[in-house]
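Here are the chains, one letter per residue:
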Amino acid sequence: MASKFSDFFNYPNAQFNNKKIEEVIEKTKDAAESFGKKSVEHLEVSRKMVECLDAKAKLNKLYEKFGEINYNAYIGETVNGAELEDIANRIAELKEKVSQLDVEIEIAKSKFNDAVSAAAQKTRDAFQKSQSETDAKEVEVQAEESDAE
């Protein structure tokens, strides 16, 4: 449903019902909807970033535990080899997950930035087209006025 400029002021018989203004408002509304959709995509990027940070925090804890166990072995304490191997395997898994998430984040950021850029360009083009059409009409009117003299 298209909104009219006068609808924003709750006065249906407003004197400023200008088609050009309504066209600008409609294009602005379309751009806002487009950017709203893009914010959902940005939310997905943010979710992946939080997931990556969580994996990195877990990885740091595992490195700390791994280091503690190795230090204990170094000073001559008895070390559980199975525990050390389990921690090393979990470190490898988390490192792979972090690498995968980093790639996914970069791809998602790139897609998001490209989509926002394209939407912004589409909006600029629509407004420039309107301005060009207005300029062309003004030139035609001026040319007709010159011919009449």
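Up top is the structure.
Analysis parameters
- Residues numbered from 1 in each chain as written.
- Predicted model: local features only at pLDDT ≥ 70, side-chain atom pairs only at ≥ 80, totals over all residues.
- Heavy atoms only, no water.
- Helix = DSSP H or I, 4+ residues; strand = E, 2+ residues; numbered from the N terminus.
- Buried < 20%, exposed > 50% of the residue type's maximum accessible area, 1.4 Å probe, protein only.
- Contact = heavy atoms within 4.5 Å.
- Areas by Shrake-Rupley, 256 points an atom, 1.4 Å probe, with all protein chains shown as cover.
- Core = buried A, V, L, I, M, F, W, Y, C linked by side-chain atoms within 4.5 Å.
- Expected span 1.5 Å × (residues − 1).

Colleague: Help me understand the overall build of the chain, please; the structure alone is not making it clear to me.
Modeller: A tally of regular secondary structure across the chain gives two helices and zero strands. Split into buried and exposed, the 149 residues of the chain put 18% on the buried side. Once local pairs closer than 6 in sequence are excluded, the contacts in the chain between residues at least 24 apart make up 68%. For the chain, the exposed area adds up to about 11,300 Å²; of that, 55% sits on carbon and sulfur atoms.

Colleague: Sorry if this is basic, but what is going on with the nonpolar core here?
Modeller: One recurring pattern in soluble globular proteins: nonpolar side chains tend to sit buried together. By size, the foremost hydrophobic cluster in this structure holds twelve residues: Cys 52, Ala 55, Leu 59, Leu 62, Ile 69, Leu 84, Ile 87, Ile 91, Leu 94, Val 98, Leu 101 and Ile 105. Elements with a contribution of two residues or more to this core: helix H1 (19-74) and helix H2 (81-148). Take this core: its biggest share by element is seven residues, from H2. Beyond its immediate sequence surroundings of up to four residues, Leu 101 is in contact with Lys 48, Glu 51 and Cys 52.

Colleague: Sorry if this is basic, but what is going on with H1 here?
Modeller: At 3.6 residues per turn, the α-helix brings residues three or four places apart onto the same side. A rise of 1.5 Å per residue sets the reference length of H1, with its 56 residues, at 82 Å; its end C-alpha atoms lie 81 Å apart and thus fit the reference within 8%. The complete set of buried residues in H1 reads Glu 22, Ile 25, Ala 31, Lys 38, Val 45, Lys 48, Cys 52, Ala 55, Leu 59, Leu 62 and Ile 69. Phi turns positive one or two residues past the end of H1, at Gly 76, with a value near 100°.

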